[in-house]
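# Residue-level structure breakdown
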Amino acid sequence: MVRRSVLLIKTGELKVWLRRIFIAFLFFCSIIFLLLSKVENSAVKNLDKAALRVTGPIMQVVEYPARMVHRIYTYLYDISRIYIDNRELRAENKQMLLLQNKVRSLEVENQLLGRLLNYVPPADANFISAKIIAESSDNFTHILFVYIGDEDVKKGQIVLGDESVIGRVDKVSGQYAKVILVTDINSKIPVVVERTRARGILSGDNTVYPALIFTRSTADIQEGDVIVTSGVGGMFPAGLPIGFVNSIQNGEIRVETLADISRVEYVRIVDYGLSEKQAKVLNDFSESEQNAR
Amino acid sequence: MRDSWKEKCRLFWLHSIPLMTTLMMMFMFLIPIDAVKVNYFRPSVGAICVFYWTLKRGYLFSYISAFIVGFFIDSYSSTPLGVNILLMMLTACITQWLAHYFQNASFNAGWFIFSLVCCGIMMIKWLLLSLYFGHLLSFKEIIFNYLATVMFYPLIAAINVGVQKYLPQERINE
């Protein structure tokens, strides 16, 4: 004989109710995750890292055949442009030789002035090259996934593409790292306008052109001005190029990155030797912020 | 005994096919493409798949599958953990309700329904992220994302239709 009820509740109904409770539990979990993310809970961070360990190898495998097809296309495209490129490069080379001489004389001058000012040069930067294995998937996020292998990469290190800053390392998990691009909403970099030394913050807002904010209303900023890191805060060394002013409309300054992020295949993760003292200060700050929360 | 074990494995395999297909397609759409501003035209593959499978084969795509899909989206994007989980769960919830009326709807009808569901989901996502970051995010982004997702629906759905042929038509009694 088949048992049809438990404590006067029909087993069919019981199953339906258990299912509903389970679904409600899953909804509840997602909201809890969201709230814990807001307070930067360490358990959520670890969970995120664990997921990155799983997705990293899969993305690497998926990316390989696509990359091969792209390489063939690029190879054929480059061949079709070889004559034009050659002519352009010859012309460019002539200009570069002139510039080289200028740079040499400036370097000597700089060293002499540095000695006069007792200037301490920054620590020698070490860098590693990392391959991009995936990009962010929608408009709400501007990130890259890179394969770093067994290299020692730390959170906060600078990521360069084509000699200019494109972002910073956000998370490292195993052999993979997540890079937040300068266009991402989470990216805030202290910068300075190279020509006039006007300071500001380059703030990503998930658009192609990040905004230059917190600049003085009287600051002399024009379209085409080069934006470099200011070094304020100690996370980024001063003088690294990021982009140039693309437009100024109604007081809103938009910056175009120098590196064409969408065409970068490999990036350089640079360790500028952020001193232990600075790192400690940053850690202490983030800990105190968490405690305050 | 052996038969029941085999049957259990077969059932597990059948139940995992929609989820595996969804995850594989999500990863495929993460491949770096060297085209300018291509990120603006990347669709939300997860949302399309969750909608499709819940509508067509709801008994093979549970809320746990939607939860896993959302979890992976959150892990590879820089959105806070929980946002996409909540959205995928909501998509599954709304679609399951719609499946009572539109399970056998034509392809075009399905596409139209998806465009409406996707619109609601995108609005919720925009609201959630705006609340999270404490200021209103640019609305232009959400429109691009929405249009790309709706435009890619036929392609993703066509792949899913191909996979669907290998799945059972009716619920299997476990």
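Preceding this paragraph is the structure being described.
The text that follows walks through the structure, step by step, so that each part is easy to find. Please read all numbers here as calculations on a predicted model, not as lab measurements. (Residues numbered from 1 in each chain as written. Chains lettered and ligands numbered in written order. Predicted model: local features only at pLDDT ≥ 70, side-chain atom pairs only at ≥ 80, totals over all residues. Heavy atoms only, no water.)

### Structural notes on the overall build of chain A
Within chain A, the regular secondary structure consists of four helices and 14 strands. For chain A, restricting intrachain contacts to residue pairs at least 6 apart in sequence, the fraction spanning at least 24 positions comes to 54%. Carbon and sulfur atoms make up 58% of the accessible area of chain A, which amounts to about 18500 Å² in all. (Helix = DSSP H or I, 4+ residues; strand = E, 2+ residues; numbered from the N terminus. Contact = heavy atoms within 4.5 Å. Areas by Shrake-Rupley, 256 points an atom, 1.4 Å probe, with all protein chains shown as cover.)

### Here we look at the packing of helix α2 (residues 45-56) of chain B against helix α6 (residues 139-164) of chain B
Residue and element names in this part refer to chain B. Their axes nearest at 9 Å, the elements α2 and α6 cross at an angle of 50 degrees. Relative to α6, α2 is oriented oblique. Between α2 and α6 lies a crossing of right-handed hand. Residues Val45, Ile48, Cys49, Phe51, Tyr52, Trp53 and Lys56 of α2 touch α6, and the partners they reach there are Thr149, Phe152, Tyr153, Ile156, Ala157, Asn160, Val161, Val163 and Gln164. For the contact of α2 with α6, a count of residues per class yields twelve nonpolar, three polar and one charged. (Axes fitted to C-alpha atoms, helices over the stretch in contact; angles between N-to-C directions. Parallel < 35°, antiparallel > 145°, perpendicular 65-115°, else oblique. Left-handed = near helix turned anticlockwise from the far one by under 90°. Nonpolar A, V, L, I, M, F, W, Y, C, P; charged D, E, K, R; others polar.)

### A look at the pairing of strand β9 (residues 199-203) of chain A
Residue and element names in this part refer to chain A. Relative to β9, strand β8 (residues 188-193) runs antiparallel, the two sharing five bridges. Paired with Pro190 across the bridge in β9 is Ile201. Where β8 hands over to β9, the hairpin turn is made up of five residues, of which Arg197 adopts a positive phi near 60 degrees. (Pairing = 2+ DSSP bridges.)

### Concerning unusual backbone geometry
Most peptide bonds take the trans form, and the phi angle of most residues other than glycine is negative. Residue and element names in this part refer to chain A. Not every positive phi belongs to a glycine, and Phe214 is a case in point at roughly 55 degrees. Along the polypeptide, Phe214 turns up in the loop between β10 (211-213) and β11 (226-229). Phi angles above zero are rare outside glycine, and Asn250 is one such case at about 50 degrees. Tracing the sequence through the fold places Asn250 in the loop between β12 (241-249) and β13 (252-257). Look at Asn250 and you get exposed, because its relative accessible area is 84%. (Buried < 20%, exposed > 50% of the residue type's maximum accessible area, 1.4 Å probe, protein only.)

### Notes on the sheet that holds strand β14 (residues 266-271) of chain A
Residues and elements named next belong to chain A. The strand order around the closed barrel formed by six strands is β3-β4-β7-β6-β5-β14, and the pairing between neighbours is antiparallel. The sheet shows a mean angle of 45 degrees between the axes of neighbouring strands, direction not considered. Note: strand β4 (residues 143-147) against strand β7 (residues 176-181), five bridges, orientation antiparallel. Considered in β7, the bridge of Ile143 is made with Ile180.

### A short note on the packing of helix α3 (residues 63-76) of chain B against helix α4 (residues 83-102) of chain B
Residue and element names in this part refer to chain B. Running from amino to carboxyl end, α3 crosses α4 at an angle of 150 degrees, the nearest separation of the two axes being 7 Å. For the pair α3 and α4, the sense of crossing is right-handed. Residue-level contacts link Tyr63, Ala66, Phe67, Val69, Gly70, Phe71, Ile73 and Asp74 of α3 to Val83, Asn84, Ile85, Met88, Met89, Ala92, Cys93 and Gln96 of α4. A breakdown of the residues in the contact of α3 with α4 according to their chemical character gives twelve nonpolar, three polar and one charged.

### What to know about the packing of aromatic side chains
Taken as a whole and assessed by the stated rule, the structure comprises 14 aromatic pairs over all chains. For the ring pair Phe51(B) and Tyr153(B), a centre distance of 6.1 Å and an interplane angle of 65 degrees mean the geometry is edge-to-face. Of this pair, Phe51(B) sits in helix α2 while Tyr153(B) sits in helix α6, placing them 102 residues apart in sequence. The same class applies to Phe51(B) and to Tyr153(B), which are both buried. Measuring from centroid to centroid gives 6.4 Å for Tyr101(B) and Phe102(B), while their planes differ by 65 degrees, and the two rings are edge-to-face. Judged by its relative accessible area of 56%, Tyr101(B) is exposed. Phe102(B) sits in the partly exposed class, given a relative accessible area of 33%. An aromatic cluster is present here, built from Phe51(B), Phe107(B), Trp111(B), Phe114(B) and Tyr153(B) joined pairwise through their rings. In this structure, Arg20(A) is placed above the aromatic ring of Trp17(A), and the distance from its NZ or CZ to the ring centre is 5.2 Å. (Phe/Tyr/Trp six-rings, centres within 6.5 Å; stacked < 30°, edge-to-face > 60°. Lys NZ or Arg CZ within 6 Å of the ring centre and 35° of its normal.)

### Let's talk about the nonpolar core
Within the largest apolar cluster, 76 residues are counted, with the highest numbers of intra-cluster contacts made by Phe145(A), Met26(B), Phe27(B) and Val69(B). Considering each element in turn, this core owes the most residues, ten residues, to helix α5 (residues 107-133) of chain B. Ignoring any residue separated from it by four or fewer positions in sequence, one finds Phe27(B) in contact with Thr55(A), Ile58(A), Met59(A), Val62(A), Phe72(B) and Tyr76(B). By size, the runner-up hydrophobic cluster in this structure holds 19 residues, among which are Leu212(A), Phe236(A), Leu240(A) and Ile253(A). (Core = buried A, V, L, I, M, F, W, Y, C linked by side-chain atoms within 4.5 Å.)

### Here's the deal with the interface of chain A and chain B
Contacts between the two partners involve 49 residues from chain A, matched on the other side by 49 residues from chain B. Between chain A and chain B the total buried area reaches about 4500 Å² when both faces are included, carbon and sulfur atoms providing 67% of it. The tally of links between chain A and chain B comes to zero salt bridges. Here chain A is connected to chain B by five residue pairs in polar contact (both at pLDDT 80 or more). Elements with a minimum of two residues in the side of chain A that touches chain B: α1 (11-38), α2 (42-80), β3 (126-135) and β4 of chain A. When residues in the side of chain A that touches chain B are grouped by element, the largest group, 13 residues, is from α2(A). Across the side of chain A that touches chain B, the residue classes tally to 25 nonpolar, 13 polar and eleven charged. (Buried area = accessible area lost by both parts, 1.4 Å probe. Salt bridge = Lys/Arg side-chain N within 4 Å of Asp/Glu carboxyl O. Polar contact = N/O pair within 3.5 Å; in protein donor to acceptor, adjacent residues only side chain to side chain.)

### Re the sheet that holds β9(A)
Residues and elements named next belong to chain A. Spatial ordering of the closed barrel is given by β8-β9-β10-β13-β12-β11, a layout of six strands whose pairing is antiparallel. Averaged over all pairs of adjacent strands, the angle between strand axes in this sheet comes to 45 degrees, irrespective of strand direction. Alignment of β8 against β11, held across three bridges, turns out to be antiparallel. Each residue of the ladder has a partner; that of Val192, found in β11, is Val228.

Read these as spatial facts, not as claims about activity.
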